[in-house]
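Given next are the chains, with one letter for each unit.
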Amino acid sequence: MSWRGNLPAACWDAHEASAIIPVEAESTSDGVFLATHSTIPITQRDRVDSARGGAVVDEQALLRAVQEQPADQPIIPILGKSGTGKSHLVRWLRAHLETKESTRLIFVPKHRMSLRGILELILEHASGERADELRSKVATAVDAAADEKTAQLKLRNALAVNIETRGNRTDGSPEEIELRSYLASAGGLPALFGDDVFRSRLLDQNGPIARLVREKLSGKGDEDKEDAFGFTPEDLNLSVDDVNRAGQAAREVAGALTSEHSFRELAAKMINEQLGPSVSEVFGVGGDDLKQILIDVRVELDKQGLELLVLIEDFSIFQGIQGGLIDAITLISTEAQKLCPMRVVMAVTTGYFINQMPETVYTRTYRVFDLDLPDGIHAAFQPTGFASRYLNAVRVGASELDAAHASEDEVPNACEQCPVNAACHSSFGEVDGYGLFPFNEAALDRAIKSQSSDGSFVARNVLTRVLRPVLHRDQAEINNGRFPSEGFANDFRGGASDRLANIEDQFKLRSPGDEELSERRIRLVRFWGSGPGAENLPPTIHDAFDVPPVDNLGDARPPKPDSRPTLPAKPSVTATPTPQPVAPDPQLVKAVDSWLATGNILQGEINDLRNIVFQAVRQRLAFEDGYGGDSLWGNDKALAPGFEGKMVEFSQAKLADAVLPMDRSNPDDMRALRALAWANNKNNWADVPDGERLQRLTETAIDRWASRVGSKLLPPQRPDNDTELARLVEVLLSIARGLGIADAFKSDTTSRIRAMFAPVPDRPDLESRPGLRTLHSFLVEGARSGSSVTRVGRGQLQQRLLRHASFSQGSGKPLALDLSKVAKVVRSGVAGAPWPAETPDLIRSSVSTIEARLASIDSLHAEAWNLVPDLSDLGGDLADVASELLVLVNERAAAGALPGGINPAELQTAAKAVRLTDQRKVEATFAQLSRWGQLSVEEKLQVLNGDWDESARRVGVWHRMARQTVRLLEHSLGNGSPSDVQREYAEARDQLVADLTAMADSICPPTSDDSSGAEELA
């Protein structure tokens, strides 16, 4: 027996939910569609360029507008966000529109309409040789790319070619023009599109290329979005496991895209600009073809005295050929070319219409119907009325609704035959005689609210995310006494996050020994209840879901404990009690309630709770100070792993890292935490509501916490094979080498341990080396996406290591690193040890990403190579060569024969700036960079991080000036005409030329390029 007697508790067939509540409006029969239709408030505007104002109308106004639409304003757009009911409105219009005999209607459905299908729909109204030619072209062109994989590859290649040939622009900021030039170059996006390693990411089945190909070949699916497919910045955040196998150019552009969001935005924009022409090339049919088809149809219909009406459920399906459609719609009949009148009603998302429609569409628009109501305007629309019609339709069933529609009868009402009609409607509610069971108004409102990001009513979300899941999935749960289920609560949690947040109220609703019943009662009161706390609902609701009410729930709270001595009783005096205002709960208590309900809590509140728990637990611990050894990191709190207030973690994602996690699903922990917040506010348990009972519960929790913390803070047992510690040591040493920490390149154990915690070297000289600077930032900072950590950096890995190998003193501060344990791991030289199963995925993935980045540092070679001058042709000590060159320059200046372009003072200043050790550093660095392919990764990191930047700069300045000076002098002495001064030195000339030639050869031996340079100077 159920609450409905011998009938099942649920009054519908679960399978009818899928038939009655589809994803899209066109999926149901006319009988079901009309039985479930509710009047939708719409904003009607006469101007396209105004998004404000307008009159709130219903669908009848749309019907009148289509009937009255003038021929010279052929466009009526139906705007709105995805899921607001645009396609529903188009279908309603189609069902109620009475067209004239002279009207030819083309209906373009939203789903399962391929590119070929769209064109063939239009061609149905064309005849003659031209139409036959177009039919043949459409079939041949689309069939040529009918294989999805072939079409994907062709589209990828077409995009690469079009970006390279059309991607550059001369308008925009200088920075954008420069970035476009790089992305459109052969080494930019075309290299990425053509790379085999990145192929799998670009052709992913959920990516824009695959989705667009599927749409053109098969039409949009139920799961596809309404906006036109295209690339987003997220699609270009590319990473692959085997990046080292990718081409150099592809690696570089992928790395640049990954590191900079604005760069990805520009790249996505450039790709989307070429989608239209690329689609036309791949499928062989473009916008011009569609335009010609429609022109031919309009010419032929005009000869017959007919007009054309086109209803489009989703304009974005014309992506790639939309230009031809717009041109054909806006084309005006002339004496030279007679065209029939053509009107178009199109459902289109607001963003697509505003951002991608040309100005000609605005000037030819008659009315705009917008399903997004203006701010401040509230229409008389009842979500409960909308839902009740679907609830009734599911109870009646599709077959009976279709039969009633065919007979032109009224929509049947299933509730009229129900034996509990009166009690059900009284408790659960009804609209126009249609019951809301299994919802009531509160439950329905909270469920709808949970599926709305901005509080707006989105019809598709209400149908597919609220009604259908409950009616289909939960029907068996209701019949078997398992409702409200955990799935129901998880689906709609966001709509009731502020309900029944007080864990003590939840405790009142529990049935001892029956956890499943307790949880269902809490869910029932949270969603169906009307009061602020624990309550019994109307008896019919409890009966319907087989959840008995709680006895004595309305009883007053037990008196709070009183530690004062008992006083003799005073004579009673009868008096009218004065109602006392209920004091609000303390802020920290409310913070625990909110956290329990929503998962959100402020950082300051977390800190206060941590400190309270820390003080409570520390009093139970009796650790002695000192486990030996000095602190390696100077009690730096940023690295402290010991038990502090911060070790009370409130995030599920951090449970594996925390010494003392607080799990929101553990009611004992939450009740104790809330009670501690009360006691902290009142300073004693006597003033806490129900304090005596809560104090006992809290004492038990603190004992449990202290036992766990104590076991974590004792020195580790030093297992022989701590694989996670080995991996952490390995990656931290690699990071230290990547940062250029000198101790990391030493072989002794002490230096290497020091390197893992050494501060990052201050390198202000890296201005000319952005690649190395970016690597340093990558290793240190980690990465986030919104509020979530996607990759940890050096600091978090240090903390993770310290959890495995540190001691703590009595106050909880770190006292010493377990040097013997870490040294043993360092000396073992273990590489590539497997991660233990308990290591968090975030640590594993972060280390993998860091190791891949450190293994792909070859791209930094060119950056360093371009900065280090080649001194192999110097022929001696730089100081000596510089001195001899200055003597020669000064002699020529004294003789009045110094060529123009030589500045002795600047040459001398550059020579003096060079330090004694600069030449050795530059030559050593150049030698290492010259044999780059023979170096190990460690040697490469050492040379990249070497302290040679300033030396290379100083030497480079002098070297460039010296080479130019020698060329000018050599040219002057070899080709200049004798002057009076030169004749006076005729006897010494031959010797001087010989000396100069020898010196020139030592600095820069003559080459063909030098010879040409001398000729140019001549």
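The written sequence of each chain sets the order in which its residues are numbered from 1. Per-residue local features of the predicted model are confined to residues with pLDDT of at least 70, and side-chain atom pairs are confined, for both listing and counting, to 80 or more; whole-chain, interface and lining totals are unaffected and use all residues. To get the side-chain values, all heavy atoms of the structure are used, and hydrogens and water are removed first.

Another point: the environment of E124. Tracing the backbone shows E124 in the loop between α5 (115–123) and α6 (129–144). Its relative accessible area of 60% is what places E124 among the exposed residues. Along the backbone, E124 and R135 are 11 residues apart, and their C-alpha atoms lie at a distance of 9.6 Å. Strands here are runs of E lasting at least two residues and helices are runs of H or I lasting at least four, both read from the DSSP assignment and numbered beginning at the N terminus. Burial classes: relative accessible area under 20% of the type maximum marks a residue as buried, over 50% as exposed, and values in between as partly exposed (1.4 Å probe, protein chains only).

We call a set of buried residues a nonpolar core when its members are Ala, Val, Leu, Ile, Met, Phe, Trp, Tyr or Cys and they connect through side-chain atoms within 4.5 Å of each other. Ranked by internal contacts, the top residues of the largest apolar core, which has 71 residues, are V729, M756, L779, L797, L801, I850 and W958. Looking at which element gives the most residues to this core, the answer is helix α33 (residues 723–738), with nine residues. We call two residues in contact when some of their heavy atoms are within 4.5 Å. Among all residues touching I850, those that are not within four sequence positions of it are V731, I735, F778, L779, V792 and L797. In terms of nonpolar packing, the next biggest core, distinct from the first, is built from 52 residues, A387, L401, F439 and I448 among them.

The next point concerns the pairing of strand β3 (residues 75–80). Put simply, side chains in a regular strand alternate between the two faces of the sheet. Here β3 lies mainly inside the structure; six of its six residues are buried. Side chains of β3 alternate between two faces, with I75, P77 and L79 and I76, I78 and G80 buried alike. Criterion used throughout: strands pair if DSSP finds at least two bridges between them. Relative to strand β6 (residues 342–349), β3 runs parallel, the two being bridged by six bridges. Following the sheet pairing, G80 is matched in β6 by T349.

All axes here are fitted lines through C-alpha atoms, helices being fitted over the stretch that makes contact, and every angle between N-to-C directions spans 0 to 180 degrees. It is the contact of helix α12 (residues 248–259) with helix α13 (residues 261–273), at a shortest axis distance of 5 Å, that shows an interaxial angle of 115 degrees. Together, A256, L257, T258 and S259 of α12 and H261, F263, R264 and A267 of α13 make up the contact between the two elements. Charged means Asp, Glu, Lys or Arg here, nonpolar means Ala, Val, Leu, Ile, Met, Phe, Trp, Tyr, Cys or Pro, and polar covers whatever is left, Gly included. Of the residues assigned to the contact of α12 with α13, the class counts are four nonpolar, three polar and one charged.

This part is about the environment of S87. Among the structural elements, S87 can be located in helix α4 (residues 86–96). In sequence terms S87 and M346 are 259 residues apart; their C-alpha atoms lie 9.2 Å from each other.

Here the focus is the sheet that holds strand β5 (residues 307–312). Strands in a sheet are paired, the pairing made by backbone hydrogen bonds, and the direction either parallel or antiparallel. Taking strand neighbours across the sheet as the criterion, the seven strands line up as β2-β1-β7-β3-β6-β5-β4 in an open arrangement whose pairing is mixed. Since the sheet does not close on itself, it has two edges, and those belong to β2 (55–57) and β4 (103–108), each with one partner. On average, each strand axis in the sheet is tilted by 20 degrees relative to the strand beside it, whichever way the strands run. Against the sheet, helix α3 (residues 59–68) contacts β1 (42–45), β2, β3, β6 and β7 (368–370), and its axis sits at roughly 160 degrees relative to β3. The sheet strands contacting helix α16 (residues 322–330) are β3, β5 and β6, and the helix crosses β6 at an angle near 140 degrees.

Let us now look at the packing of aromatic side chains. The aromatic pairing rule takes the rings of Phe, Tyr and Trp, using the six-membered ring of Trp, and pairs them if the centres are within 6.5 Å, calling planes under 30 degrees apart stacked, those over 60 edge-to-face and the rest tilted. Enumeration according to the criterion identifies 18 aromatic pairs in this entry. Residues F353 and Y362 carry aromatic rings whose centres are separated by 5.6 Å and whose planes lie at 45 degrees to one another, so their mutual orientation is tilted. In this structure F353 comes out as buried when scored by relative accessible area, which is 2%. Of the aromatic side chains, those joined through ring pairs into one cluster are W3, W12, F428, F437, F483, F488, F492, F527, W528 and F545. Ring-over charges, as used throughout, are those where CZ of Arg or NZ of Lys falls within 6 Å of the ring centre and within 35 degrees of the ring normal. Sitting over the ring of F107, R94 keeps its end group 4.0 Å from the ring centre. One cation-aromatic arrangement involves R367 over Y366; the distance from NZ or CZ to the ring centre is 4.2 Å.

Okay, the packing of helix α19 (residues 383–396) against helix α23 (residues 459–473) next. Their axes nearest at 11 Å, the elements α19 and α23 cross at an angle of 40 degrees. Of the possible angle classes, the one that applies to α19 and α23 is oblique. As α19 packs across α23, the resulting crossing turns out to be right-handed. Here α19 contributes F386, A387, Y390, L391 and V394 to the contact with α23, which in turn contributes A459, V462, L463, L467 and L471. Partitioning the contact of α19 with α23 into residue classes produces 10 nonpolar, no polar and no charged. The labels follow the angle: roughly parallel below 35 degrees, roughly antiparallel above 145, roughly perpendicular from 65 to 115, and oblique for the rest. Each crossing gets its handedness from the near helix: less than a right angle anticlockwise from the far helix is left-handed, clockwise is right-handed.

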